[in-house]
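Structural description and commentary
Here are the chains, one letter per residue:
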Amino acid sequence: MTDFYITEDFPQSQIEFEKRFASEKACYQYLFKMKWPEGFVCPKCGHQSYWISAKHIYICRRFESHFSVTAGTIMHDTKKPITYWFKAMWWFTTRKSGLSAVNLQNLLALGCYGTAWAWLHKLRRCTIRNGREKLSGKVEVDEFYLGGKKPGKRGRGSTGKSIVLAAVERKGRKIGRIRLQVADDCSSDSLIPLIIENVEDGSQVITDGWKSYDSLGQDRYDHHQVFLSKSDDKYSALSGVHLIASLVNRLMLGTFHGRFEPKYLQNYLDEYVFRFNRRNSRNVGKKFMRIVQQVASSVQITCRQITKGIEIDLLPQN
C-alpha cells in the first residue's frame, strides 16, 4: 500500500470539476498522480519506466507487470465508468448535509439502489486515516444518543438507542476539531479507552460528573469534571459537545430521515467528522482532493463485508 502524500492540485469550483474530469483519461491521470505522486514505481521490481494500455493499465517496461490505479482499492472491478466515481466523490465531499443513497442513485441515474448505497459506504470508510493526529489542548467530552423514540428509561441506561462519545476541541469560544465514536455502553471500560484513543496525553479534558469518568485520572490528563446538577448555567457547560450532538441529530433526521442500522452508524459519524473538520477549507475542491487521495490508497472491500458490518482498515497508517 502506498504512503499518504499531500499535494495541492484540485478543482476550484464545480464548473472547473466538470470541465477537468469530463473524460475517463483525465480521471485516470488524476488517480495516477494521487497513487504515485513522485512518479510511477513498479511495486514488484521498483522500475520507474512504464507504458499505458488502451484500458488505462500501467505496464512496467522491465517485466511487463500490469497495474491498475483502481485495482485493490474500493473501486476494484467496478463496472461503472470511473467518471461516475469522480462525480460521486465530488458530491460526497462538497454537499454540506451529505448525500443519501437515493440522492446518488438519482444524480447518476443508477439502475440499482444497492450500487449507490454500497458506493457511499465505501467512501465513508475512506474518510478516516489510521494514525491521524489526536485532539489536544482543551477538550470537552460527553456522550449523546441516536435512534428512534423508544418507551422506557431516558438518558444513560436507556435501551434501543446508540451511544456516541463526542470529543470536541475548544479554541477559546470556538470549536476546533472533533471526534465521534460509537460506544458499547456508558461504563468506564467502554468510554475511557475511546478517550485515550482520540485525545493526546497532557490535554485538559472536561467531562460531566458521570462516575465512569472518575477513573480517567490526573496522571494522563488534566481532568476537570463539571457537575451539571450544581451548575448555575447548565446550557454553557460542555456547550461544544452539546452543539455537535444537536448537529449530528439534525443531520441524521434531515439527510437520512432518522433511519440507520446501528452497525453502520460509525461510518456515518466518520463522514460527518471528515466534513466538519474541514469546514474552514477555503475551497470545496480541497475536500474532494483529500477523498481521492485516500481512495487511491484504500484497499478492496466487498459489498458482503459491508452488509455484515465487518471492520477493515482501508487506509494506511500515517
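The structure we're discussing is the one just above.
In this report, the structure presented in the accompanying data block is examined. (Residues numbered from 1 in each chain as written. Predicted model: local features only at pLDDT ≥ 70, side-chain atom pairs only at ≥ 80, totals over all residues. Heavy atoms only, no water.)

A few words now on the overall build of the chain. Counting its regular elements, the chain contains 10 helices and eight strands. A total of 318 residues make up the chain; the buried ones form 48% of that total. Partitioning the contacts of the chain with sequence separation of at least 6, the portion at a separation of at least 24 is 62%. Carbon and sulfur atoms make up 49% of the accessible area of the chain, which totals about 16,300 Å². (Helix = DSSP H or I, 4+ residues; strand = E, 2+ residues; numbered from the N terminus. Buried < 20%, exposed > 50% of the residue type's maximum accessible area, 1.4 Å probe, protein only. Contact = heavy atoms within 4.5 Å. Areas by Shrake-Rupley, 256 points an atom, 1.4 Å probe, with all protein chains shown as cover.)

Turning to the nonpolar core, a few remarks are in order. A general feature of soluble globular proteins is that nonpolar side chains tend to end up buried together. Judged by nonpolar contacts, the single largest core of 73 residues is most densely connected at Phe86 and Leu180. In terms of residue count, the dominant contributor to this core is helix 3 (residues 82-94) (eight residues). What Phe86 contacts, discounting residues up to four positions off in sequence, is Phe17, Phe21, Cys27, Tyr30, Leu31, Phe288 and Val292. Counting residues in each nonpolar core, the second largest holds 18 residues, with Val141, Tyr145, Ala167 and Val199 among its members. (Core = buried A, V, L, I, M, F, W, Y, C linked by side-chain atoms within 4.5 Å.)

Right, let's get into empty space enclosed by the protein. Here the structure, examined in full by the defined rule, presents two cavities of 30 Å³ or more. Roughly 40 Å³ of internal volume is contained in the largest cavity. Around the largest cavity sit Leu165, Ala166, Ala167, Arg179, Gln181, Leu194, Ile195, Asn198 and Val199, which together line it. Those elements that place two or more of their residues in the lining of the largest cavity are strand 5 (162-171), strand 6 (174-183) and helix 6 (188-198). Split into classes, the residues belonging to the lining of the largest cavity amount to six nonpolar, two polar and one charged. (1 Å grid on protein atoms, 1.4 Å probe; cavity = no way out; pocket = protein on both sides within 12 Å on 5 of 7 lines; lining within 4 Å. Points joined across faces, edges and corners; volume = space filled by probe spheres on them. Nonpolar A, V, L, I, M, F, W, Y, C, P; charged D, E, K, R; others polar.)

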